[in-house]
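Geometric and topological summary
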Amino acid sequence: MSCITVIGSGLIGRSWAMVFASGGYSVKIYDNIPGQAAKAVTEMKKQLEELDEAQMLRGKLSVSQQLALISSYDDLAQALEGSFFVQECVFEQLDIKQNVFQDVEHLVGEDVILSSSTSYQMPSKVFCKVQKRSRCLVAHPVNPPYYVKLVELVPHPETAAAVMDTTHALMTKVGQEPVLLKKEIDGFALNRVQAAIIAESWRLVQEGVISVKDIDLVMSEGLGMRYAFIGPMETMHLNAPEGLEDYMKRYGENLRRILTSSGPVPDFTGEGAKDLVNLEEPGQQR
């Protein structure tokens, strides 16, 4: 089990190819546009050389050794031959992803793991045209995967435990930081937390409480500094003498009051977006 196929040669596909090669895996990158995968390999060569010069190259292999592990394909069947793991990285459009996996299933053995990089689509929708869904999952990276190591592993309702374990081991081996979701949910974990932050930030600006510049500082110079090292649960645990339960006794009612006062989901488009932009006209930054 040493060969991986990456479908799609855009930013995410190239990043995955570089991550897998850094871990010593042979990588076949495929794109349905003739010549596009070959161009992607050329771009990866440039990126890897720049990373090496900046002493940021991942893995123990040299640039030339990693490049030797990456090959490009315009033919899907050839790209899939001999691979034990397939990472899809095509456009974030549900019907395209569904058709890709339907085509892939006809060309691989039943033990080949099928993984999607989708950011939002639930596995039950992405893999609805696949017959054997026990080998399917979402491996959602944080863009770009080469630099941000977190990857969410989200199972289809029928995904076998062994598939999750194998994928977790693979991601760990290539230097990623996998987190396991126990079941599928819209937005997964990262995007749900991100959406909550975006919504509240948007509301605070739109209601005239704070400027765009300053709400960004709340994150970059405050919460972001803290959460770069420890997460919200550990933060609460360490912020009270007796741990998490003690924290909630002290501050739980305040949290409840704040959450209860939060408004409805903001209007992120149309007049809502225009109003927010207008609040940030020159001279109104503070």
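Let me begin by describing the structure that accompanies this report. (Residues numbered from 1 in each chain as written. Predicted model: local features only at pLDDT ≥ 70, side-chain atom pairs only at ≥ 80, totals over all residues. Heavy atoms only, no water.)

Focus: unusual backbone geometry
- With omega at -5°, the peptide bond leading from Asn-143 into Pro-144 counts as cis.
- You can see Pro-144 is positioned in the loop between strand E6 (136-141) and strand E7 (150-155).
- Positioned with a positive phi, Gln-55 is a non-glycine residue whose angle comes to about 60°.
- Turning to its location among the elements, Gln-55 is positioned in the loop between helix H2 (36-53) and helix H3 (63-68).
- Judged by its relative accessible area of 75%, Gln-55 is exposed.
- Its identity as a non-glycine residue notwithstanding, Phe-188 has a phi of 60°, on the positive side.
- A residue is classified by how much of its surface remains accessible, and Phe-188, at 1% relative accessible area, is buried. (Helix = DSSP H or I, 4+ residues; strand = E, 2+ residues; numbered from the N terminus. Buried < 20%, exposed > 50% of the residue type's maximum accessible area, 1.4 Å probe, protein only.)

Quick word on helix H5 (residues 94-105)
- The terminal C-alpha atoms of H5, which comprises 12 residues, lie 17 Å apart, in line with the 16 Å expected from a rise of 1.5 Å per residue.
- Buried within H5 we find Lys-97, Gln-98, Val-100, Phe-101, Val-104 and Glu-105. Relative to the axis of H5, the buried residues are bounded by an arc of 160° and lie together on one face.
- Buried residues belonging to H5 abut strand E1 (3-7), helix H4 (76-80), strand E4 (85-88), strand E5 (113-116) and helix H6 (123-126). (Expected span 1.5 Å × (residues − 1). Arc of directions from axis to C-beta. Contact = heavy atoms within 4.5 Å.)

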